[in-house]
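Inside the fold
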Amino acid sequence: MPVLETIQEAVANGRPKDVERQIRQALEQGLPAEQILEEALIPAMREAGEHYRNNECDIPRILSAARSMRKGLQILEPFLEKSGETNRGTIVLGTVEGDLHDVGKNLVAIMFRSAGFKVIDLGVDVSEKQFLKAVRENPEVKLVCISSLLTTSMPEMRQVVRSLRNAKDLPPLKIMVGGGSVNQQFAEEIGADAYTETAVDAAEWAKSFVL
């Protein structure tokens, strides 16, 4: 669909004002927020990430694409949350200490909420102690989702998982990990229950866990 392609192009090229205008037009035309997210915003950021990993574009371009993605998410979030069910469970979410990236984490949070979960979003640069504190203060938590984009923050992710597993006073938890630095092999190595590559997959796995 041309409008979705136009939105995707505007995100990839880092034009947040165009992204905002085109998404509002798409919503006025009756396109579902879920379709705009899955067929325009997510593919655009996936493409930008691949270009960066392959050294085909520079950091400023990636950052401008991320700003455009964030603008798109801000517009879609109310519509995505309206469509969700309620009371599936509570999830603690955060990007590990030493990592300030939040676009992927924010997208996952939106998908969780639209799937009917309550999300306790701890933000970025979240320490091991902060993860533990959040779970202790919210005993209804069923799932902890940990994000890391930088390879330098992977040891911290390992430590967070270890601490959550070893704490005797915590309820039974499932732990999901994701982010640009993570893969299935690393997730298994550190003892996570699940690794998901996309926000859509993260929400589907979370729903399957609470069924």
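Structure: above.
The present account deals with the structure reproduced in this document. Please read all numbers here as calculations on a predicted model, not as lab measurements.

**Examining the sheet that holds strand β1 (residues 89–95)**
Judged by pairing direction, the sheet is parallel, and its five strands sit side by side in the order β2-β1-β3-β4-β5 without closing on themselves. The open sheet is flanked by β2 (117–121) and β5 (194–195), the only strands paired with a single partner. Where strand β3 (residues 141–147) and strand β4 (residues 174–178) come together, five bridges link them in parallel fashion. By the bridge assignment for β4, Val 144 is matched with Ile 175. Contacts between helix α6 (residues 128–137) and the sheet are confined to β1 and β3, with β1 contributing the most and set at about 165 degrees to the helix. Relative to the sheet, helix α9 (residues 199–210) contacts β1, β2, β3, β4 and β5, its axis offset from that of β4 by approximately 170 degrees.

**Quick word on the packing of aromatic side chains**
Summed over the entire model, instances satisfying the criterion amount to two aromatic pairs. Their ring planes at 70 degrees and their centres at 6.1 Å tell us that Phe 112 and Phe 117 sit as a pair that is edge-to-face. For Phe 117, a relative accessible area of 6% translates into the label buried. Centre to centre, the rings of Trp 205 and Phe 209 are 5.9 Å apart; their planes meet at 10 degrees, and the pair counts as stacked. In this pair, Trp 205 and Phe 209 are both assigned in helix α9, four residues apart and thus about one turn of the helix distant. Residue class for Trp 205 comes out partly exposed when judged on its relative accessible area of 23%.

**Considerations on α9**
The terminal C-alpha atoms of α9 lie 17 Å apart, and with twelve residues this matches the ideal 16 Å at 1.5 Å per residue to within 8%. Where α9 is concerned, the buried positions are Ala 199, Ala 202, Ala 203 and Ala 206. Looking straight down α9, one finds that the buried residues subtend no more than 95 degrees of arc, so they occupy a single side. Contact partners of the buried residues in α9: β1, α5 (103–114), β2, β3 and β4. For α9, the N-terminal capping position is held by Thr 198, with its side-chain oxygen 3.0 Å away from the main-chain nitrogen of Asp 201.

**A short note on unusual backbone geometry**
You will see that Asp 125, though not glycine, has its phi angle at about 55 degrees, which is positive. With respect to the helices, strands and loops of the structure, Asp 125 is situated in the loop between β2 and α6. On the accessibility criterion, Asp 125 (36% relative accessible area) is partly exposed.

**Structural notes on helix α1 (residues 2–12)**
Those residues of α1 lying buried are Val 3, Leu 4, Ile 7, Ala 10, Val 11 and Ala 12. One or two residues past the end of α1 sits Gly 14, with phi positive at roughly 70 degrees.

**A word on the nonpolar core**
Of all hydrophobic cores here, the largest spans 43 residues; its most connected members are Ile 7, Ile 23, Ile 36, Leu 37, Leu 41, Leu 76 and Phe 112. Setting aside chain neighbours within four positions, we find Leu 37 in contact with Ile 42, Pro 43, Leu 73, Leu 76, Leu 80, Leu 107 and Met 111. Residues Val 126, Val 177, Val 182 and Ala 192 belong to the second largest nonpolar core, which totals 26 residues.

**A short note on the side chain of Ser 148**
Mapping Ser 148 onto the fold places it in the loop between β3 and α7 (154–166). When residues no more than four places from it in sequence are discounted, the contact partners of Ser 148 are Val 96, Asp 99, Ser 153, Met 154, Met 157, Gly 178, Gly 179, Gly 180, Ser 181 and Val 182.

Conventions and cut-offs
- Residues numbered from 1 in each chain as written.
- Predicted model: local features only at pLDDT ≥ 70, side-chain atom pairs only at ≥ 80, totals over all residues.
- Heavy atoms only, no water.
- Pairing = 2+ DSSP bridges.
- Helix = DSSP H or I, 4+ residues; strand = E, 2+ residues; numbered from the N terminus.
- Contact = heavy atoms within 4.5 Å.
- Axes fitted to C-alpha atoms, helices over the stretch in contact; angles between N-to-C directions.
- Phe/Tyr/Trp six-rings, centres within 6.5 Å; stacked < 30°, edge-to-face > 60°.
- Buried < 20%, exposed > 50% of the residue type's maximum accessible area, 1.4 Å probe, protein only.
- Expected span 1.5 Å × (residues − 1).
- Arc of directions from axis to C-beta.
- Polar contact = N/O pair within 3.5 Å; in protein donor to acceptor, adjacent residues only side chain to side chain.
- Core = buried A, V, L, I, M, F, W, Y, C linked by side-chain atoms within 4.5 Å.

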